[in-house]
Amino acid sequence: MTAVASDFIKKGEPKRIVMIYSRYERFWHWSQAALIFILAFTGFSVHGLLPLPYKTAVQVHSYTAIALIVLWAFTTFWHFTTGQWRQYLPRLASLPAILKFYAWGILTGAPHPYTKTLKRKQNALQSLAYLWFMLVIGPALWLSGIVYLTYPLWAKMAAGTIALPVVACIHLAAAYLISLFVIIHIYMTTTGKTPLHYVKTMITGYDTIPLSKAEAAYLAEDEPGRLK
Ligand code: HEM
């Protein structure tokens, strides 16, 4: 079976309302969102683009950054222990159909070429975007942020060099990238059945998805709380 075929295979199956985002998944998603908003507001205030006083902005930014790093550490652990990291492996064969939909089909009312399933909550474009977020933008932010945060420890060594401006530049570039990611992400959340459909799903955890007989039987037996 090709990757494309397996992405579309569940379309004929009966649909059920199923909890697809666990409590922890929703908790980390929304707390990450809140922390990133606070970091963007305080960070761009440190940079002089937003109005928070410099000293307050630096203090709030530093504590919030530590909270986000702790959250990321727990969430990385959660992804590996639950096997959820597999959701992020992009199935590139279905990417052209997804790109065509977002470039054109979405404007003409075409049906979405991808159907969420129990095993596969994200389409190929989402997986690629989140992978880029987790492997490039996130590490660039926290690595440069930690180096920035520990500046007093290496200030003497870096005296007379451009080390600090380089770290600041990397951090700022990653901050712009994450802001762009957030803007596109928020726009994409409005493209469901209704503008708030995806947001509601991430709040309640439940969505209507096709379930195979085996999946329905497994959930009914082992995780009945996930079926409505
Ligand atoms: C994830 C961990 C992060 C750490 C450890 C961190 C740490 C820092 C530190 C120490 C500074 C310097 C503050 C000062 O001048 O004393 C800073 C600045 C800044 N941060 Fe972060 N930060 C993090 C995440 C973020 C995020 C998510 C954003 C944006 C969405 C962000 C945006 C900024 C901006 C725009 C500046 C000002 C850069 C400049 O003008 O030099 N940071 N950050």
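For the structure itself, consult the block above.
Every chain is numbered on its own, with residues counted from 1 as its sequence reads. The predicted nature of this model means local features are confined to residues of pLDDT at least 70 and side-chain atom pairs, given and counted, to a pLDDT of 80 or more, with totals for whole chains, interfaces and linings taken over all residues. Each side-chain value is derived from all of the structure's non-hydrogen atoms; neither hydrogens nor water enter the calculation.

Asker: What am I meant to see in a nonpolar patch on the surface here?
Answerer: By definition, no residue in a patch forms a salt bridge, and every one has over 30% relative accessible area; like charges are joined within 9 Å, nonpolar side chains (Val, Leu, Ile, Met, Phe, Trp, Tyr) within 5 Å. Methods summary: accessible areas were calculated by the Shrake-Rupley approach with a probe of 1.4 Å, and residue burial reflects only the protein chains presented. The salt bridge criterion pairs a side-chain nitrogen of Lys or Arg with a carboxyl oxygen of Asp or Glu, the two atoms within 4 Å. There is a patch of nonpolar side chains on the surface, built from Trp132, Met134, Leu135, Val136, Leu177, Leu180 and Ile184 and spanning about 630 Å² of accessible area. Each helix corresponds to a stretch of at least 4 residues labelled H or I by DSSP, and each strand to a stretch of at least 2 residues labelled E; elements are numbered beginning at the N terminus. Of all the secondary structure elements, the ones that give two or more residues to the nonpolar patch are helix H5 (124-149) and helix H7 (163-189). Among the elements that take part in the nonpolar patch, H5 stands out by supplying four residues, more than any other. As for its position among the elements, valine 136 is in helix H5.

Asker: Hey, could you run me through the site of the ligand in this one?
Answerer: We define proximity as follows: a residue is near a molecule or strand when any one of its heavy atoms falls within 4 Å of that partner. Taken together, 23 residues lie around the ligand, and His47, Tyr54, His61, Tyr148 and His171 are the ones closest in. For the ligand, an oxygen atom lies 2.5 Å from a polar atom in the side chain of histidine 47. What qualifies as a polar contact is a pair of N or O atoms within 3.5 Å, subject to a donor-acceptor requirement within protein and to the restriction that residues adjacent in sequence count only when both atoms come from side chains. One of the side-chain nitrogen or oxygen atoms of tyrosine 148 is found 2.6 Å away from an oxygen atom of the ligand. Its atoms largely coinciding with the cavity grid, the ligand occupies the second largest pocket. Mapped onto the shell around the ligand, the elements with two or more residues apiece are helix H2 (23-46), helix H3 (54-82), H5 and H7. Tallied by class, residues from the shell around the ligand come to 18 nonpolar, five polar and no charged. Cavities and pockets were defined on a 1 Å grid built over protein atoms only: a cavity is a set of grid points that admits a 1.4 Å probe from which the probe cannot escape, a pocket is an open set flanked by protein on both sides within 12 Å along at least five of seven lines, and lining residues are those with an atom within 4 Å of any such point. Those molecules having more than half of their atoms within 2 Å of a cavity or pocket grid point set are described as sitting in that cavity or pocket. Each residue is assigned to one of three groups, with Ala, Val, Leu, Ile, Met, Phe, Trp, Tyr, Cys and Pro labelled nonpolar, Asp, Glu, Lys and Arg labelled charged, and all others, Gly among them, labelled polar.

Asker: Please explain the packing of H2 against helix H8 (residues 197-204) as it appears in this structure.
Answerer: The description of two helices packed together rests on the angle between their axes and the distance between the axes. With their axes 8 Å apart at the nearest point, H2 and H8 run at an angle of 120° to one another. In terms of axis orientation, H2 runs oblique to H8. Counting all contacts with H2, which are made through Arg26, His29 and Trp30, the residues of H8 involved are Val199, Met202, Ile203 and Thr204. Residues belonging to the contact of H2 with H8 are distributed by class as follows: four nonpolar, two polar and one charged. Only the stretch in contact is used when a helix axis is fitted, and all axes are lines through C-alpha atoms; the angle between N-to-C directions ranges over 0 to 180 degrees. Every angle not falling under 35 degrees, over 145, or within 65 to 115 is termed oblique; those three ranges are roughly parallel, roughly antiparallel and roughly perpendicular. Contact criterion: two residues are considered in contact whenever any of their non-hydrogen atoms come within 4.5 Å of each other.

Asker: Please clarify how the coordination of the iron atom of the ligand should be interpreted in this entry.
Answerer: Each angle at a metal carrying four tetrahedral donors should ideally be 109.5 degrees, and each at a metal carrying six octahedral donors should ideally be 90 or 180 degrees. For Na, K and Ca the donor cut-off is 3.2 Å, and for all other metals it is 2.8 Å, counting N, O and S atoms only; because water is absent from this set, sites may look incomplete. On the protein side, the iron atom of the ligand has His61 (NE2) and His171 (NE2) as donor atoms, found 2.0 Å from it. A site with four donors is called tetrahedral when every donor-metal-donor angle falls between 85 and 135 degrees; four donors are called square planar, and six octahedral, when opposite donors sit more than 155 degrees apart and all other angles fall between 65 and 115; any other arrangement is irregular. Here the iron atom of the ligand is ringed by six donor atoms whose angles at the metal span 86 to 180°, and the overall shape comes out octahedral. Here the residue histidine 61 occupies a position in helix H3, and histidine 171 occupies one in helix H7, the gap between them amounting to 110 residues. Both residues of the pair, histidine 61 and histidine 171, count as buried. Think of it in three bands: residues with accessible area under 20% of the maximum for their type are buried, residues over 50% are exposed, and the middle band is partly exposed, with areas taken using a 1.4 Å probe on protein chains only.

Asker: Can you help me understand the pattern of salt bridges in this one?
Answerer: Two side chains bearing opposite charge may form a pair once their charged atoms approach each other closely. Across all of its chains, the model carries three salt bridges by this definition. Here aspartate 207 makes a salt bridge to lysine 116, at a shortest N to O gap of 2.8 Å. In this pair, aspartate 207 is assigned in strand E2 (residues 206-210) and lysine 116 in the loop between helix H4 (95-108) and H5, connecting sequence segments 91 residues apart. Of the two residues examined, aspartate 207 and lysine 116, each falls in the buried class. In this structure, glutamate 223 and arginine 226 form a salt bridge, with 3.3 Å as the shortest nitrogen-oxygen distance. Given a relative accessible area of 27%, glutamate 223 falls into the partly exposed group.

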